[in-house]
Amino acid sequence: NTVISYGDIVFRDNILHELINSESDISVIVDADTSHRNGYIDFVKTDKPWSRAAFNPIVSLEQMSAKMPPESAQGEFIGLWKVNAKGAAVVREALEKLSGRDDFKSLRMADLFNELASAAKVSVIYTRGSWIDIDSVVDLTQAGELT
């Protein structure tokens, strides 16, 4: 199993535990609460929205885009995901396919995840808060409040 994380995020350990314990080949962490965010956001559309009533629902990624209208999104990809050996093979195949595109150097992570979602099941693990994207000194100060 391999966990992949953006280098500018800080998160509570329970998020990592849920990700590590996922039995899916490819799993991503999605924050269902996007109301506090601004800047570049990879919005996510899933087959099931987050619900307080659902305990450990099986949710699949349908689409990821920074251009998605926020009201159409079920959350935000936080930059934390995991693959197992089978999932890594799917990622490798997707990267090989995408690398043949003329615009490959301008593609974003959302493009990779959209390709993955078209080829395999990408499981979504919801969280609500408990992480922060460090883009400024203010963010760094707020990160200290997560502990």
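Everything quoted here is computed from the prediction, not taken from an experiment.

Asker: Explain the nonpolar core to me, using residue names and the numbers behind them.
Answerer: Among the nonpolar cores identified, the biggest contains 22 residues, and Ile26, Val28, Phe77, Trp81, Phe113, Leu116 and Val124 are the most heavily contacted of them. For this core, the elements supplying multiple residues, two or more each, are strand 3 (26–31), strand 5 (61–65), strand 6 (75–83), helix 2 (85–99), helix 3 (109–119) and strand 7 (123–127). Once residues within four sequence positions are removed from consideration, Val28 is found in contact with Phe77, Leu80, Trp81, Phe113, Val122, Ser123, Val124 and Ile125. Counting eight residues, the second largest nonpolar core, distinct from the first, contains Ile9, Leu19, Leu80 and Ile125.

Asker: Mind laying out the pattern of salt bridges, listing which residues take part and the relevant values?
Answerer: Across all of its chains, the model carries four salt bridges by this definition. Between Lys86 and Asp25 there is a salt bridge, and its shortest N-O distance comes to 3.8 Å. Here Lys86 is found in helix 2, whereas its partner Asp25 is found in the loop between helix 1 (13–21) and strand 3, with 61 residues between them in sequence. The salt bridge involving Glu115 is made with Lys97; its shortest N-O contact spans 3.2 Å. Linking Glu115 in helix 3 with Lys97 in helix 2, this pair joins segments that are 18 residues apart in sequence.

Asker: Please give an account of the packing of aromatic side chains that cites residues and values.
Answerer: Applying the stated criterion to the full structure yields three aromatic pairs. With centroids separated by 4.7 Å and ring planes inclined at 75°, the aromatic side chains of Trp81 and Phe113 adopt a geometry described as edge-to-face. Taken together, the positions of Trp81 in strand 6 and Phe113 in helix 3 put the pair 32 residues apart, joining distant regions of the chain. Each member of the pair, Trp81 as well as Phe113, carries the same accessibility label: buried.

Asker: Account for the confidence of the model for the chain, with residues named and values stated.
Answerer: Averaged over every residue, the pLDDT of the chain is 89; residues scoring 70 or more account for 85%. Within the chain, no element has a lower average pLDDT than helix 4 (residues 137–143), which sits at 63, and none a higher one than helix 2, at 98.

Asker: Explain the pairing of strand 6 to me, and be specific about the residues and the numbers.
Answerer: Burial analysis of strand 6 places nine of its nine residues in the buried class, which makes it a mostly covered element. Bridge count for strand 1 (residues 2–5) against strand 6 is four bridges, and the pairing is antiparallel. Following the sheet pairing, Ser5 is matched in strand 6 by Leu80. Direction of pairing for strand 3 relative to strand 6: antiparallel, over a ladder of five bridges. Considered in strand 6, the bridge of Val30 is made with Phe77. Note that strand 4 (residues 43–46) and strand 6 share two bridges and pair antiparallel. Bridge pairing links Val44 to Gly75 in strand 6.

Asker: Tell me about the packing of helix 2 against helix 3, residues and numbers included.
Answerer: At a minimum axis separation of 10 Å, helix 2 and helix 3 run at an interaxial angle of 115°. The crossing of helix 2 and helix 3 is right-handed. Residues Val90, Val91, Ala94, Leu95, Lys97 and Leu98 of helix 2 lie in contact with helix 3, whose contacting residues are Asp111, Leu112, Glu115 and Leu116. A breakdown of the residues in the contact of helix 2 with helix 3 according to their chemical character gives seven nonpolar, no polar and three charged.

Asker: Can you tell me about helix 2, naming the residues and giving the values?
Answerer: End to end, helix 2 covers 21 Å across 15 residues, agreeing with the expected 21 Å (1.5 Å per residue, within 8%). Within helix 2 the residues assigned to the buried category are Gly87, Val90, Val91, Ala94 and Leu98. The arc that holds every buried residue of helix 2, seen down its axis, measures 100°, which confines them to one face. Residues Ala85, Lys86, Glu93 and Glu96 are exposed on helix 2 and point more than 90 degrees away from its buried face. At its buried positions, helix 2 is contacted by strand 3, strand 6 and helix 3. Capping the start of helix 2 is the job of one residue whose side-chain oxygen sits 3.1 Å from the backbone nitrogen of Lys86: Asn84.

Calculation rules
- Residues numbered from 1 in each chain as written.
- Predicted model: local features only at pLDDT ≥ 70, side-chain atom pairs only at ≥ 80, totals over all residues.
- Heavy atoms only, no water.
- Core = buried A, V, L, I, M, F, W, Y, C linked by side-chain atoms within 4.5 Å.
- Buried < 20%, exposed > 50% of the residue type's maximum accessible area, 1.4 Å probe, protein only.
- Helix = DSSP H or I, 4+ residues; strand = E, 2+ residues; numbered from the N terminus.
- Contact = heavy atoms within 4.5 Å.
- Salt bridge = Lys/Arg side-chain N within 4 Å of Asp/Glu carboxyl O.
- Phe/Tyr/Trp six-rings, centres within 6.5 Å; stacked < 30°, edge-to-face > 60°.
- pLDDT = per-residue confidence, 0-100.
- Pairing = 2+ DSSP bridges.
- Axes fitted to C-alpha atoms, helices over the stretch in contact; angles between N-to-C directions.
- Left-handed = near helix turned anticlockwise from the far one by under 90°.
- Nonpolar A, V, L, I, M, F, W, Y, C, P; charged D, E, K, R; others polar.
- Expected span 1.5 Å × (residues − 1).
- Arc of directions from axis to C-beta.
- Polar contact = N/O pair within 3.5 Å; in protein donor to acceptor, adjacent residues only side chain to side chain.

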